[in-house]
Amino acid sequence: MSPFIGITASVLVRNDGWLTGGERVYVNRDYIEAIIEVGGVPLILPEVADYNAVEQQVRLVDGLVFSGGYDVDPEYYGEQPLPELGPVFPQRDQYEVTLLEIAGRHKKPVLGICRGLQIINVAFGGTLYQDLSLVNKPIVQHEQNSKKDVRGHSVRLAAGTVLSDILGGAEVRTNSFHHQAIKGVATGFTVNAEAQDGVVEGIENSAGTILGVQWHPEMMIGKFPAMLGIFRWLVAKAQ
Ligand SMILES: [Mn+2]
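For clarity, every value in this text was computed on a predicted model and none was experimentally measured.

**Q** For the overall build of the protein chain, give the residues involved together with the corresponding values.
**A** Along the protein chain, the regular secondary structure elements total six helices and 13 strands. A compact globule built from 239 residues should have a C-alpha radius of gyration of about 18 Å, and the protein chain, at 17 Å, falls within 12% of that. Oriented by its inertia axes, the alpha-carbon framework of the protein chain measures out at about 45 × 45 × 35 Å. By the burial criterion, 50% of the 239 residues in the protein chain qualify as buried. A separation threshold of at least 6 residues defines the contact pool for the protein chain, and within that pool the share at least 24 residues apart is 67%. Total accessible area computed for the protein chain in this model is approximately 10,900 Å², and 52% of it derives from carbon and sulfur atoms.

This is how it looks when you write it as structure tokens:
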């Protein structure tokens, strides 16, 4: 049977003049298509507060994608919000931290994308730069102005990691849509990818069950099918 892959949902607060303030729960379609493309069955997981409900969500799926979205509340890594911080959505942070804990207990593989990588790092004790302008050296463009499937900066892959096995070679070019980045890497995790300016672009745990990337491979699969390997890894692990 094809594995069920849960994708954590984001929340959209309506301000288009119709039902203003109403919330919608959603994921970008690219995640769904990437999972289908590699033979998984995608399920959208809304953020819920009840612990038992989260546990039942985990039981239902064989693997998880932590998707992109709002900034992580800096309270999780012991910082006050700085002026550069974007909007936070604390309910989702709490949900995803709980989801990760339960996923670990049930040995379900996890793929984190963009914010997904960041919340994984924070949940396991790492820290973030609240904004890349706070990195104290010149950096490359991490918030590209080009379309979602246009490659921006290059990323060096660390030899011997799960990610370098998946993508092959020592370097790839990725899209880049983030204004935050990992500062302190969580204990038990290895950096598997780095931009030329030293910004962390990927992490994985030593057990090989959690993989995170800072870019958006799901937006690149049409033009760069090698990026499907990242989703193929998740579905294979989930089986
Ligand atoms: Mn980047």
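After that view, the rundown keeps rolling.
**Q** Quick rundown of the layout of surface pockets? Include the residues and the values.
**A** Considering only enclosed or pocket space, the largest pocket measures out at about 420 Å³ in volume. In terms of lining, the largest pocket is formed by 22 residues, of which the most central are G68, G69, C114, F177 and H216. Grouping the amino acids of the lining of the largest pocket by side-chain chemistry returns eight nonpolar, eleven polar and three charged. By volume, the second largest pocket amounts to about 180 Å³. Taken together, L100, E101, A103, G104, K107, K108, V110, F124, N205, A207, T209 and I210 make up the full set of residues lining the second largest pocket. Top element by residues in the lining of the second largest pocket is helix α3 (residues 90-105). It accounts for four residues. Within the lining of the second largest pocket, the residues separate by chemical class into six nonpolar, three polar and three charged.

**Q** So, the packing of aromatic side chains: which residues are in play, and what are the values?
**A** Within the structure shown, the criterion is met by two aromatic pairs. Ring geometry for F124 versus F189: centroids 5.1 Å apart, planes at 50 degrees, classification tilted. A residue pair is termed long-range when its members are at least 10 positions apart, and F124 in the loop between α4 (115-123) and β7 (128-129) and F189 in strand β11 (residues 189-195) qualify at 65 residues. With relative accessibility at 38%, the residue F124 sits in the partly exposed group. Among the residues examined, F189 registers a relative accessible area of 12% and is labelled buried.

**Q** I'd love a proper account of the nonpolar core, names of residues and values included.
**A** Grouped together as the largest cluster of nonpolar side chains are 31 residues, with contacts concentrated most on V65, L111, I113, L163, L167, W215 and I230. Taken together, the elements giving at least two residues each to this core come down to β1 (4-8), α1 (29-37), β6 (110-113), β8 (154-157), α5 (162-167), β13 (210-213) and α6 (228-238). Here the element with the most residues in this core is α6; it accounts for seven residues. Contact partners of V65, with chain neighbours within four places excluded, come to I5, G6, I7, T8, Y31, I35, L111, I113 and L234.

**Q** Please set out α3 residue by residue, giving values where relevant.
**A** The end-to-end C-alpha distance of α3 is 23 Å, a good match for the 22 Å that 16 residues give at a rise of 1.5 Å each. Every buried residue of α3 is accounted for by R92, D93, Y95, E96, T98, L99, L100, I102 and A103. Backbone geometry just after α3 places K107 at a positive phi near 55 degrees.

**Q** Help me get a handle on the packing of helix α2 (residues 51-60) against α3, residues and values and all.
**A** The geometry of α2 relative to α3 is characterised by a closest axis approach of 9 Å and an angle of 50 degrees between their N-to-C directions. As summarised for this structure, α2 and α3 are arranged oblique, according to the angle between their axes. The crossing of α2 and α3 is right-handed. Contacts between α2 and α3 involve Y51, V54, E55, Q57 and V58 from the former and Y95, T98, L99, E101, I102, A103 and R105 from the latter. Across the contact of α2 with α3, the residue classes break down as seven nonpolar, two polar and three charged.

**Q** Tell me about the coordination of the manganese ion, residues and numbers included.
**A** Here the manganese ion is held by the protein donor atoms H142 (ND1), H153 (NE2), S176 (OG), H178 (NE2) and E201 (OE), which lie 2.2 to 2.3 Å from it. When the donors of the manganese ion are listed by position in the chain, the intervening gaps give H-x10-H-x22-S-x1-H-x22-E. Pair noted here: H153 is in the loop between β7 and β8 and S176 is in the loop between β9 (171-173) and β10 (181-182), with a separation of 23 residues, a long-range link.

**Q** A description of the side chain of H179 should follow, citing residues and the corresponding values.
**A** Checked against the element boundaries, H179 lands in the loop between β9 and β10. A polar atom in the side chain of H179 sits 2.8 Å from the side chain of D71. A polar atom in the side chain of H179 sits 2.6 Å from the side chain of D131. If we skip the residues at most four places from it in the chain, H179 touches D71, E84, G86, Q130, D131, L132 and E143.

So, how was this worked out
Residues numbered from 1 in each chain as written. Predicted model: local features only at pLDDT ≥ 70, side-chain atom pairs only at ≥ 80, totals over all residues. Heavy atoms only, no water. Helix = DSSP H or I, 4+ residues; strand = E, 2+ residues; numbered from the N terminus. Rg over C-alpha atoms; globule rule 2.2 N^0.38 Å. Buried < 20%, exposed > 50% of the residue type's maximum accessible area, 1.4 Å probe, protein only. Contact = heavy atoms within 4.5 Å. Areas by Shrake-Rupley, 256 points an atom, 1.4 Å probe, with all protein chains shown as cover. 1 Å grid on protein atoms, 1.4 Å probe; cavity = no way out; pocket = protein on both sides within 12 Å on 5 of 7 lines; lining within 4 Å. Points joined across faces, edges and corners; volume = space filled by probe spheres on them. Nonpolar A, V, L, I, M, F, W, Y, C, P; charged D, E, K, R; others polar. Phe/Tyr/Trp six-rings, centres within 6.5 Å; stacked < 30°, edge-to-face > 60°. Core = buried A, V, L, I, M, F, W, Y, C linked by side-chain atoms within 4.5 Å. Expected span 1.5 Å × (residues − 1). Axes fitted to C-alpha atoms, helices over the stretch in contact; angles between N-to-C directions. Parallel < 35°, antiparallel > 145°, perpendicular 65-115°, else oblique. Left-handed = near helix turned anticlockwise from the far one by under 90°. Donors = N, O, S within 2.8 Å, 3.2 Å for Na, K, Ca; no water. Polar contact = N/O pair within 3.5 Å; in protein donor to acceptor, adjacent residues only side chain to side chain.

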